[in-house]
Amino acid sequence: MPLSRRLTAEFTGTALLLAAIVGSGIMGEALSRGNAAVALLANAAATAGALYALIVILAPISGAHFNPAVTVVAHLHGDLSRRDAVAYIVVQTVAAIAGVLLAHAMFDLPLLQAGTHVRTGASQWLSEAVATFGLILTIVLGVRHRPAAVPALVASYIFAAYWFTASTSFANPAVTLARALTATFAGIRPEDVAAFVAAQAVGTFVAIKTVGFLRPAHA
């Protein structure tokens, strides 16, 4: 598949994913009348549903990474060249920001905002490491053992991780950066982004090592 088509698929999928995350957060908060649990349930369900659909339709074109952590793992496993991996990550980041702006536009909000939701501290960082670890483990082992089930596996894991992690499972550096540009339900303060991304990197590294132990290259 030509790189241009793969990058278009990554842009489209990542932008729509962010529009779903931020848009459902806005809608959920507006309709829940202050009930944070209902708002989070709506946010998690919409995100999981969008992920499932986007992976099914775009995985045959680009692999449906939508996540720099997933792209890095694909490169390390030899599925993507360094040049293509860098291009994927740049496009994912730009698309994530575009998706946030799209969500703002759909709800008639100011396009440019700064996140105000405080997400910092050891529990938040641990949550992001765990969320990313589980996501990478789900994808890599799912691809090896049940490739047809990967869309459902990823959607199910993310839905669950919204609820069992204190951070509500960003698990994606591009998503984290983009969500610093919204002051809505799904946002994060810009000053909290770097620590989240570092925690996600740790989770990715541990997942790679764990997969290597569970499924050695010669197995």
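Please read all numbers here as calculations on a predicted model, not as lab measurements. (Residues numbered from 1 in each chain as written. Predicted model: local features only at pLDDT ≥ 70, side-chain atom pairs only at ≥ 80, totals over all residues. Heavy atoms only, no water.)

J.: I'm lost on the environment of Thr168 in this one. Help?
T.: Note on placement: Thr168 falls in the loop between helix 6 (150-164) and helix 7 (173-179). Distance from Thr168 to Leu40, taken between C-alpha atoms, is 8.6 Å for residues 128 residues apart in sequence. Thr168 has contacts with Leu40, Arg119, Ala161, Tyr162 and Arg179, leaving out every residue within four places of it along the chain. (Helix = DSSP H or I, 4+ residues; strand = E, 2+ residues; numbered from the N terminus. Contact = heavy atoms within 4.5 Å.)

J.: Any chance you could explain the packing of aromatic side chains here in plain terms?
T.: The geometry of an aromatic ring pair is captured by two quantities: the separation of the ring centres and the angle between the planes. For the structure on display, the rule yields 2 aromatic pairs. Considering the side-chain rings of Tyr157 and Phe164, the 6.1 Å spacing of their centres and the 75° angle between planes classify their relative orientation as edge-to-face. On the accessibility criterion, Tyr157 (15% relative accessible area) is buried. Lying across the ring of Phe170, Arg179 places its NZ or CZ 3.6 Å from the centre. (Phe/Tyr/Trp six-rings, centres within 6.5 Å; stacked < 30°, edge-to-face > 60°. Buried < 20%, exposed > 50% of the residue type's maximum accessible area, 1.4 Å probe, protein only. Lys NZ or Arg CZ within 6 Å of the ring centre and 35° of its normal.)

J.: How do you make sense of helix 3 (residues 68-76) when you look at a structure like this?
T.: Each α-helix winds once per 3.6 residues, and so residues spaced three or four apart point in a common direction. Every buried residue of helix 3 is listed here: Pro68, Ala69, Val70, Thr71, Val73 and Ala74. Buried residues belonging to helix 3 abut helix 4 (82-106), helix 5 (122-145), helix 7 and helix 8 (193-214). Taking the backbone nitrogen of Ala69 as reference, a side-chain oxygen 2.9 Å away marks Asn67 as the first, capping residue of helix 3. Backbone geometry just downstream of helix 3 places Gly78 in the positive-phi region, at approximately 85°. (Polar contact = N/O pair within 3.5 Å; in protein donor to acceptor, adjacent residues only side chain to side chain.)

J.: Hey, could you run me through the pattern of salt bridges in this one?
T.: Pairs can form between side chains of opposite charge once their charged atoms are near each other. Evaluation of the coordinates by the stated rule reveals 4 salt bridges. The partner of Asp84 in a salt bridge is Arg6, and the shortest N-O contact between them spans 3.1 Å. One end of the pair, Asp84, is in helix 4; the other, Arg6, is in helix 1 (residues 3-32), with 78 residues separating them in the sequence. Taken individually, Asp84 and Arg6 each receive the classification buried, so the pair is uniform in this respect. Here Arg189 ties to Glu191 by a salt bridge, and the two come within 3.5 Å at their closest N and O atoms. Residue Arg189 is classed as partly exposed on the basis of its relative accessible area of 22%. (Salt bridge = Lys/Arg side-chain N within 4 Å of Asp/Glu carboxyl O.)

J.: Is there a simple way to explain the packing of helix 3 against helix 4 in this structure?
T.: A pair of packed helices can be characterised by two numbers: the angle between their axes and the separation between those axes. In contact at an axis separation of 9 Å, helix 3 and helix 4 are set at 175° when each is read in the N-to-C sense. When the axes of helix 3 and helix 4 are compared, the pair comes out roughly antiparallel. Residue-level inspection shows Pro68, Thr71, Val72 and His75 of helix 3 in contact with helix 4, the latter providing Arg82, Ala85, Tyr88, Ile89 and Gln92. Classifying every residue of the contact of helix 3 with helix 4 by side-chain character gives 5 nonpolar, 3 polar and 1 charged. (Axes fitted to C-alpha atoms, helices over the stretch in contact; angles between N-to-C directions. Parallel < 35°, antiparallel > 145°, perpendicular 65-115°, else oblique. Nonpolar A, V, L, I, M, F, W, Y, C, P; charged D, E, K, R; others polar.)

J.: Hey, could you run me through the environment of Thr14 in this one?
T.: Position of Thr14 relative to the elements: it lies in helix 1. Placed 81 residues apart in sequence, Thr14 and Ala95 show a C-alpha to C-alpha distance of 5.7 Å. Only 2.7 Å separates the side chain of Thr14 from the backbone oxygen of Glu10, close enough to count as a polar contact.

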